[in-house]
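The residues making up each chain are set out below.
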Amino acid sequence: TTWEMARLALPVPTMLPSYNQIGFDSLHYVIGVVEGSDDHGVAWMAGGLLDDAGRVNVDPATKALMPLEWSYRDGLLTLRNEDGLRVEVMNAVIPFRTFRVATALDDTATAVDEASLSGSTTCAKVPFYGPFLQTLGLCNPQTDVLSVVGAAKLRPFGEGAVRAPGPIGTVTVAREGDAVVARVSGSTLLDGAHAVALLLVDAETGRPVTRDYGLDTTRGVEAGKITSVKLPLAGKPLPKTTRVHLLVDTYPAATFTLSE
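Conventions and cut-offs
Residues numbered from 1 in each chain as written. Predicted model: local features only at pLDDT ≥ 70, side-chain atom pairs only at ≥ 80, totals over all residues. Heavy atoms only, no water. Helix = DSSP H or I, 4+ residues; strand = E, 2+ residues; numbered from the N terminus. Rg over C-alpha atoms; globule rule 2.2 N^0.38 Å. Buried < 20%, exposed > 50% of the residue type's maximum accessible area, 1.4 Å probe, protein only. Contact = heavy atoms within 4.5 Å. Areas by Shrake-Rupley, 256 points an atom, 1.4 Å probe, with all protein chains shown as cover. Lys, Arg positive; Asp, Glu negative; His and termini not counted. Charge placed at Lys NZ, Arg CZ, Asp CG, Glu CD. Phe/Tyr/Trp six-rings, centres within 6.5 Å; stacked < 30°, edge-to-face > 60°. Disulfide = S-S within 2.5 Å.

Participant: Help me get a handle on the overall build of the chain, residues and values and all.
Facilitator: The secondary structure content of the chain amounts to 3 helices and 17 strands. Compactness check: the chain gives a C-alpha radius of gyration of 18 Å against a globular reference of 18 Å for 260 residues, within 12% of the reference. Dimensions of the chain along its principal axes, counting C-alpha atoms only, are 55 × 45 × 40 Å. Out of the 260 residues in the chain, the part that is buried amounts to 47%. Taking all contacts inside the chain whose residues are at least 6 apart in sequence as the whole, residues at least 24 apart take part in 58%. In the form shown here, the chain has an accessible surface area of approximately 12,700 Å², with 52% of it arising from carbon and sulfur atoms. When the 22 positive and 29 negative side-chain charges of the chain are each reduced to one mean point, those points stand 4 Å apart.

Following this line, the structure appears as structure tokens:
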């Protein structure tokens, strides 16, 4: 299942709409289920881009890439990340402490009403804008936390599900020094056509491993085709057993298991 999230409105704190409502309203994201059971799993959220016909596609150059845990019960869907992550939003890197989307779904997986959004950040950790947020009084004076509440439209992306991109070549995944690297031989993935990335999942807990995917992922290109995808670990340990998904936009085109 895959959704498009658009028409973001963030009325809390009260200064936020006048500060940048037009910017928020122009944002589009694609959220796709990557793995899971009937009621819990892992999803992937990627920045979107409107084409000339007004349709949303995943932006191949997006740096807004984040893993989300999803839970679903009695028609209620929650997507969240509470492990802390950094994401680029409108050319600014925002270090989220928490991020959450919640909504009720109908039988077509469309939100019955607007989806509720909430998130938080520590102002002192926000590059450049942090001191301004503190001066404007938007940050809690004791905890320095800025909490944001709003809503967005959540609707099926295209037909409501994405399919495999077709043969992509032969893929291998391995730990190489302080990074996880996927190498593709016989690649058919054109550079600039898709947002290709790696997603790490703790195989024992089924929870995503939070890293700065959008900011740190690099891709090797030969003859206009993607031949490698590298995710630096920045000294952070991997789980004992890690599932590694090679994602083409939001679709898990290949999956491997690494053991420490």
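Participant: Please set out the packing of aromatic side chains residue by residue, giving values where relevant.
Facilitator: Applying the stated criterion across every chain yields a total of 4 aromatic pairs. Ring geometry for Phe96 versus Phe99: centroids 5.7 Å apart, planes at 70 degrees, classification edge-to-face. Phe96 sits in the buried class, given a relative accessible area of 19%. An angle of 45 degrees between the planes, with centres 5.7 Å apart, marks the rings of Phe128 and Phe132 as tilted. Taking relative accessible area as the criterion, Phe132 reaches 48% and is therefore assigned partly exposed. Aromatic rings pair up to connect Phe128, Tyr129 and Phe132 into one cluster.

Participant: Give a description of the state of the cysteines that names residues and reports values.
Facilitator: Throughout the structure, instances matching the rule amount to 1 disulfide. In this model Cys123 forms its disulfide with Cys139; the gap between the sulfur atoms is 2.0 Å. As the torsion about the S-S bond is roughly -100 degrees, the Cys123-Cys139 disulfide counts as left-handed. Within this pair, whereas Cys123 is found in the loop between strand E9 (115-122) and helix H2 (130-135), its partner Cys139 is found in the loop between H2 and strand E10 (145-156), the two being separated by 16 residues in sequence. Each member of the pair, Cys123 as well as Cys139, carries the same accessibility label: buried.

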